[in-house]
Amino acid sequence: MSDSGRSVVRVENPDGVGPFAIVCDHASNRIPAEYQSFGFANDALQTHIAWDPGALPVARRLSATLDAPLLWPDVSRLVIDCNRDLDARGLIVTESEGRPVPANVGLSDGERSRRIELIHMPYHAAIDACLKRRQAAGRATMLIAIHSYTPVYLGKSRPWQIGIVFGEDRRLADLLIGELKSDASLNIGVNEPYSPADQVYYTVERHAGPQRLPAAMIEIRNDEIGDHAGQQSWADRLAKILIAAETRLVGARHAAA
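Residues numbered from 1 in each chain as written. Predicted model: local features only at pLDDT ≥ 70, side-chain atom pairs only at ≥ 80, totals over all residues. Heavy atoms only, no water.

**Q** Give me the lowdown on the overall build of the chain, citing residues and values where you can.
**A** A tally of regular secondary structure across the chain gives six helices and eleven strands. Expected size for 257 residues packed as a compact globule is a radius of gyration near 18 Å; at 18 Å, the chain falls within 12% of this value. For the chain, the spread of C-alpha atoms along the three principal axes comes to 55 × 40 × 30 Å. Among the 257 residues that make up the chain, the fraction classed as buried is 53%. For the chain, the share of sequence-separated contacts (at least 6 apart) that also reach a separation of at least 24 residues comes to 81%. Taking the average location of the 28 positive side-chain charges in the chain and that of its 32 negative ones, the two points are 3 Å from each other. (Helix = DSSP H or I, 4+ residues; strand = E, 2+ residues; numbered from the N terminus. Rg over C-alpha atoms; globule rule 2.2 N^0.38 Å. Buried < 20%, exposed > 50% of the residue type's maximum accessible area, 1.4 Å probe, protein only. Contact = heavy atoms within 4.5 Å. Lys, Arg positive; Asp, Glu negative; His and termini not counted. Charge placed at Lys NZ, Arg CZ, Asp CG, Glu CD.)

Structure, rendered in structure tokens:
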């Protein structure tokens, strides 16, 4: 769905040959024209209720550095959250961080299905297609999801500058956590500020889990990436760690083959 009828799914560097694929589920705060009745002021659309500020620039720099495909939906999560299961309560919110979303109250089954068919399904189909192409080409793949979060949530401060979220497969997460903890100035969230129990790990688990791909969700506190310098600094720091992880994980996989 888009204002011109074209897909909202964006795929950048689709032919990247590096060992990573990157997703950015909450990259955009765009409200398509047919949903302008949401009535949010521009200042509200700049906040975390609409998107993950700073996440897309970090993901784009990582994509360029790692030669990785990058996929993201160009529509605000206020319309539909592509990082939620279809049965999740947060798929289409009626309130977010204490702010009501009146346009989503009493949503018809038809409109709910429309958003799923035009936004959620095409996004995940594009990720599936990307991973299948890579598998067919014999490319080892690790999946990374880039997100950001607020320094304060419902009055509670969050001390971590960055959090690594993971499920049962800890291969990539443990490498990220270990390297980040080598910097004594950082407070690292381990399944913080969110964990899979919060139903926020949907995209990674859906696409990495069945294929046993090494994967992790990286959450960066958004005051750390509020400007170009912060975005570049975190992308470069993460790229260095991920390149080292590539050697360890992909090398170990080939040695076991």
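**Q** For the sheet that holds strand 9 (residues 162-165), give the residues involved together with the corresponding values.
**A** Here we have seven strands laid out as an open sheet, ordered 1-3-2-6-11-9-10, and mixed in their pairing. The sheet terminates laterally at strand 1 (9-12) and strand 10 (188-190), the two strands that pair on one side only. Adjacent strand axes in the sheet meet at a mean angle of 20° when their direction is disregarded. Strands in contact with helix 4 (residues 171-181) are strand 2 (20-23), strand 6 (142-149), strand 9, strand 10 and strand 11 (215-221); relative to strand 11, the strand with the most contacts, it is inclined by about 35°. (Pairing = 2+ DSSP bridges. Axes fitted to C-alpha atoms, helices over the stretch in contact; angles between N-to-C directions.)

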